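Structural overview for review
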Amino acid sequence: MNDIHAELMERLKKIAHRQSKSFCYGCYKEAPSGRCESCHSDDLMRFVPEVGVDWGCEWVIKHLVEQNLAPADLDEAFESSIESCYPEKTLLGWMEVSTIQAMKDYDRVSWDLAQSEWVSVEEDEGHLISFDHGASYFWQCDLERYIEENESETQEAG
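I will try to describe carefully the structure that is included in this document. Please read these numbers as outputs of a predicted model, since none were measured by experiment.

**Things to note about the overall build of the protein**
Within the protein one finds six helices and eight strands. Listed N to C, the secondary structure of the protein is α-β-β-β-β-α-α-β-β-α-α-β-β-α in terms of helices and strands. Rg of the C-alpha trace for the protein: 22 Å, well past the compact-globule value of 15 Å for 158 residues, more than 25% over. Burial analysis of the protein (158 residues in total) assigns 35% to the buried set. Pairs at least 24 residues apart make up 49% of the contacts formed inside the protein by residues separated by at least 6 positions.

What follows is the structure in structure tokens.
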């Protein structure tokens with residue numbers, strides 16, 4: 001995890017903490033003060049109404065991001081990247097065909113491998129971030145915008 005990713009995660013954690021509630025699972029009730037008023041435990045879960053309750057903020061972050069941001073369209077972004085490197089049309093014998101379509105049709109395994117490598121580079125450079133080990137990705141710029149909007153909303157309310 002690079003420094004920018006770590007900073008984004010810390011900021012997202014603060015937002016997730018503010019948008020969820022402390023919850024004592026033993027007494028099964030909210031603990032807004034950070035300590036259960038019944039059993040006095042400070043070993044609390046996080047609760048999001050109509051979503052659920054669990055330990056930590058990571059699941060709250062994942063929920064907030066999935067509810068508020070569209071996942072990155074990796075197919076479209078990769079095609080756009082390839083289009084910037086190669087001509088739009090390729091002459092195949094006497095036929096002029098889409099370079100992208102020809103690459104996909106000719107060797108789909110190679111295309112998928114190249115896309116996978118591209119995603120890996122984008123993730124390493126911090127442009128893409130995943131909260132579910134690569135099942136879905138979000139653009140860092142979209143996350144930054146979401147964070148800024150929610151940090152400013154919280155500051156205005158406070």
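**Overview of a nonpolar patch on the surface**
Together, Leu 92, Trp 94 and Met 95 line one region of the surface with nonpolar side chains, adding up to about 400 Å² of accessible area. Residue Leu 92 is classed as partly exposed on the basis of its relative accessible area of 48%.

**Digging into the pairing of strand S1 (residues 21-24)**
Bridging between S1 and strand S3 (residues 45-48) involves three bridges; their strand directions are antiparallel. When the bridges of S3 are listed, Ser 22 appears paired with Arg 46. Relative to strand S2 (residues 29-30), S1 runs antiparallel, the two being bridged by two bridges. Within the sheet, the bridge partner assigned to Phe 23 lies in S2 and is Glu 30.

**What to know about unusual backbone geometry**
The phi torsion at Glu 50 lies on the positive side, around 65 degrees, for a residue other than glycine. Tracing the sequence through the fold places Glu 50 in the loop between S3 and strand S4 (52-54). Residue class for Glu 50 comes out exposed when judged on its relative accessible area of 87%.

**Section: the side chain of Ser 130**
Within the fold, Ser 130 resides in the loop between strand S7 (128-129) and strand S8 (138-139). By relative accessible area, Ser 130 is classed as buried at 14%. Among the polar contacts made by the side chain of Ser 130, one reaches the side chain of Asp 132 at a distance of 2.9 Å. Within the local environment of Ser 130, its side chain forms a polar contact with the backbone oxygen of Ser 136, the two atoms lying 2.8 Å apart. For Ser 130, the contacting residues outside a window of four places in its chain are Glu 123, Ala 135, Ser 136 and Tyr 137.

**A closer look at the pattern of salt bridges**
In the structure shown here, the tally under the stated rule is eight salt bridges. Ionic pairing is found between Lys 104 and Glu 79, a salt bridge with its closest N-O pair at 2.4 Å. Here Lys 104, found in helix H4 (residues 99-106), pairs with Glu 79, found in helix H3 (residues 74-83); they are 25 residues apart in sequence, far enough to count as distant. With a relative accessible area of 22%, Glu 79 lands in the partly exposed category. The residue Arg 108 makes a salt bridge to Asp 112 at a minimum N-O spacing of 3.2 Å. Separated by four residues within a single helix, Arg 108 and Asp 112 lie in helix H5 (residues 108-124), roughly one turn from each other. The class of Arg 108 is partly exposed, set by a relative accessible area of 43%. Sharing partners across several salt bridges, the network here consists of Glu 7, Arg 11 and Glu 151.

Rules used throughout
- Residues numbered from 1 in each chain as written.
- Predicted model: local features only at pLDDT ≥ 70, side-chain atom pairs only at ≥ 80, totals over all residues.
- Heavy atoms only, no water.
- Helix = DSSP H or I, 4+ residues; strand = E, 2+ residues; numbered from the N terminus.
- Rg over C-alpha atoms; globule rule 2.2 N^0.38 Å.
- Buried < 20%, exposed > 50% of the residue type's maximum accessible area, 1.4 Å probe, protein only.
- Contact = heavy atoms within 4.5 Å.
- Patch = residues over 30% accessible without salt bridge, like charges linked within 9 Å, V, L, I, M, F, W, Y side chains within 5 Å.
- Areas by Shrake-Rupley, 256 points an atom, 1.4 Å probe, with all protein chains shown as cover.
- Salt bridge = Lys/Arg side-chain N within 4 Å of Asp/Glu carboxyl O.
- Pairing = 2+ DSSP bridges.
- Polar contact = N/O pair within 3.5 Å; in protein donor to acceptor, adjacent residues only side chain to side chain.

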